[in-house]
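Breakdown of the fold
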Amino acid sequence: MVATLGKTCAALLLALLTTSLTTSLTVAPAAADPRHSYGEPLVIAHRGASGYRPEHTLEAYRLAIQMGADYIEPDLVSTKDGVLVARHENFLDDTTDVAQHPEFADRRTTKTIDGEPVTGWFSEDFTLAELKTLRAKERLPLVRPANTQYDGQFEVPTLDEVLALVKTEQRHTGRRIGVYPETKHPSYFSSIGLPMERPLLASLRRHGMDRPGSKVFLQSFETTNLRQLNAMTRLPIIQLLDASGAPWDLESTGDPRTYSDLTTRRELRRIARYADGIGPHKDLVLPRDEAGNLTDPSTLVRDAHRKGLVVHVFTLRIENQFMANDFRVGEDPNAPGNLSAEIQAFLDAGIDGLFTDNPDVAVSAHEDWQLHQEQPAA
Ligand code: G3P
Ligand code: CA
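Please read all numbers here as calculations on a predicted model, not as lab measurements. (Residues numbered from 1 in each chain as written. Chains lettered and ligands numbered in written order. Predicted model: local features only at pLDDT ≥ 70, side-chain atom pairs only at ≥ 80, totals over all residues.)

**Some words on the overall build of the protein chain**
Put simply, the rule reads: In this description a helix means any DSSP run of H or I spanning at least four residues, a strand means any run of E spanning at least two, and both kinds are numbered starting from the N terminus. For every residue, the other C-beta atoms within 10 Å of its own C-beta are counted; 20 or more classify it as buried, 12 or fewer as exposed, and values in between as partly exposed. C-beta atoms are placed from the backbone. Note on contacts: residues are paired as contacts if their backbone-placed C-beta atoms lie within 7 Å.
Across its full length, the protein chain holds 14 helices and 13 strands. Residues counted as buried form 47% of the 378 residues belonging to the protein chain. Excluding contacts between residues fewer than 6 apart, the proportion of contacts in the protein chain whose partners are at least 24 apart in sequence is 67%.

**Looking at the nonpolar core**
Note the following rule: A set of buried Ala, Val, Leu, Ile, Met, Phe, Trp, Tyr and Cys residues, joined to one another through C-beta atoms within 7 Å, is what we call a nonpolar core.
Counting residues in each nonpolar core, the largest one holds 90 residues, and the members touching the most others are A64, I72, F346 and L354. Of the residues forming this core, the biggest block, six residues, is contributed by helix 3 (residues 58-66).

**Things to note about the site of ligand 1**
Note the following rule: The C-beta atom of each residue is placed using the backbone, and any residue whose C-beta lies within 6 Å of a molecule or strand is treated as near it. For this classification, Asp, Glu, Lys and Arg are treated as charged, while Ala, Val, Leu, Ile, Met, Phe, Trp, Tyr, Cys and Pro are nonpolar and the rest, including Gly, are polar.
Neighbouring ligand 1 are H46, E73, D75, H88, E182, Q219, L240, G279, F314, T315 and F355. Of the residues contributing to the shell around ligand 1, the split by class is three nonpolar, five polar and three charged.

**Quick word on unusual backbone geometry**
Residue T315 follows F314 across a cis peptide bond; omega there is -20 degrees. Along the chain, the position of T315 falls in strand 12 (residues 310-316). Although it is not a glycine, R47 adopts a positive phi angle of roughly 60 degrees. Relative to the elements of secondary structure, R47 occurs in the loop between strand 1 (42-46) and helix 3. Taking the C-beta count within 10 Å as the criterion, R47 has 27 such neighbours and is therefore assigned buried.

**Some thoughts on the pairing of strand 5 (residues 109-113)**
Short version of the rule: Any two strands are treated as partners once DSSP identifies two or more bridges connecting them.
Strand 5 sits mainly on the outside: zero of its five residues count as buried. The pairing of strand 5 with strand 6 (residues 116-120) spans five bridges and is antiparallel. In the sheet register, I113 faces strand 6, and the bridge partner there is E116. Between strand 5 and strand 6, which follow one another and run antiparallel, lie two residues, and D114 among them has a positive phi close to 50 degrees.

**A closer look at helix 3**
Within the sequence span of helix 3, burial applies to L58, A60, Y61, L63, A64 and I65. Those residues of helix 3 that are buried are in contact with strand 1, strand 2 (71-73), helix 5 (159-173) and helix 14 (359-374). After helix 3 finishes, the residue G68 shows a positive phi value of roughly 100 degrees.

**Digging into helix 7 (residues 197-206)**
Here is the rule we go by: Directions are taken from the helix axis to each C-beta atom, and the arc is the one they span.
Within helix 7 the residues assigned to the buried category are E197, L200, S203 and L204. Around the axis of helix 7, the buried residues are gathered within 135 degrees of arc, so they sit on the same side. Here the buried face of helix 7 lies against strand 3 (75-78), strand 4 (84-86), helix 5, strand 8 (182-183) and helix 8 (224-232). Phi turns positive, to about 65 degrees, at G208, one or two residues after helix 7.

**Describing the confidence of the model for the protein chain**
Quick reminder of the rule: For every residue, the predictor states its confidence as a pLDDT score lying anywhere from 0 to 100.
Mean pLDDT over the protein chain works out to 91, with 89% of the residues at or above the 70 mark. Per-residue pLDDT stays below 50 along residues 1-38; that stretch engages in 56 contacts with residues further than four places along the chain or on separate chains.

**Things to note about the pairing of strand 11 (residues 277-280)**
Residues G277 and G279 of strand 11 are buried on one face, and the alternating residues I278 and P280, pointing to the opposite face, are buried as well. Note: strand 10 (residues 237-241) against strand 11, four bridges, orientation parallel. Pairing of L240 across the sheet is with G279, part of strand 11. Alignment of strand 11 against strand 12, held across two bridges, turns out to be parallel. Following the sheet pairing, I278 is matched in strand 12 by V311.

**Notes on the environment of A86**
Take A86: it is sitting in strand 4. For the pair A86 and K184, spaced 98 residues apart in the sequence, the C-alpha separation amounts to 9.8 Å. Not counting the four nearest positions on each side in its chain, A86 is found in contact with H56, P74, D75, L76, V156, P157, L159 and V162.

**Details of the environment of E342**
Summarising the element assignment, E342 is placed in helix 13 (residues 339-348). Taking C-alpha positions, E342 is 9.5 Å from R317, a pair spaced 25 residues apart along the chain. In this view, E342 contacts L316, M323 and F327; residues no more than four positions away in its chain are not counted.

This is the structure in structure tokens:
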């Protein structure tokens, strides 16, 4: 309740402060929250430096930190024995060599995950000791063939190992490194007796990262678990908003609200009661038309800021196929486009942070953008 009141008061104060300002305002809304000082727009390494290493490995996270990322982003699922590990989903086939392990052949099964039938191997059917015998592989071998040289080399890390890495790299770099964990399929894991909220907070506590002021954001595409987390911690919370569909916890309980509905001013006000920010799909901020060209910016950044919510967009990737036509270079969908220009367009749109597979490009683009901001107008 204290946390909820704090967030509401901060939102009200911020609304008063921002109503007379223009949309060119960038990071001031977050700084107005007395509990947090987010500073400059954040570079969040999406699944680590996943443009260059197999995602969600210690090596991907370490490289992201070396490249200057402000935060690393572990997505989390649970093992059979309730240990949180870094994977984008509980389905293991796309990012590990599980299919090459005959000793686990009989674990292959079909389940319904968030309403969809899925056939393969699943994290919750493996103890941590068993999962540790698997090795990570590149998710997008055709898009990022250079990364396949690392296939079979790296383990699936636990959240504890990720946090320990952060502590080590902080000592090496002298920088404070943030962690931005996301609970994946939280309703599903709760339904099978493996809820993730307490293990997540316990792990952060073990590493002294559960306090107000800790450089941590908690995020989810679902809403119920974020409301629960809001009652359990004062760490800042981010409501993810996808470009289509609906949060599974709403859909599965008959609540008709979609992600699109959650972007309205009324729903943003409701989000501000339990969250400190939103993490929208980038198309919700800079929409594309059917041909793939950018159209006018939406009002989402301004609307969110007026409710005291920071805005961290996902996901900016260097390959042409992930960009609007405006930033593509050449015809090859896997060739690099002008990610720097795309990032600067989002910074111009007033975002407070961005998830990217290419943190080196984002750090550099942000520096260039800052220099440009500081130059007096001709
Ligand atoms: O959590 C922000 C961004 O990572 C959301 O996309 O599907 O990669 O987790 P996803
Ligand atoms: Ca994520």
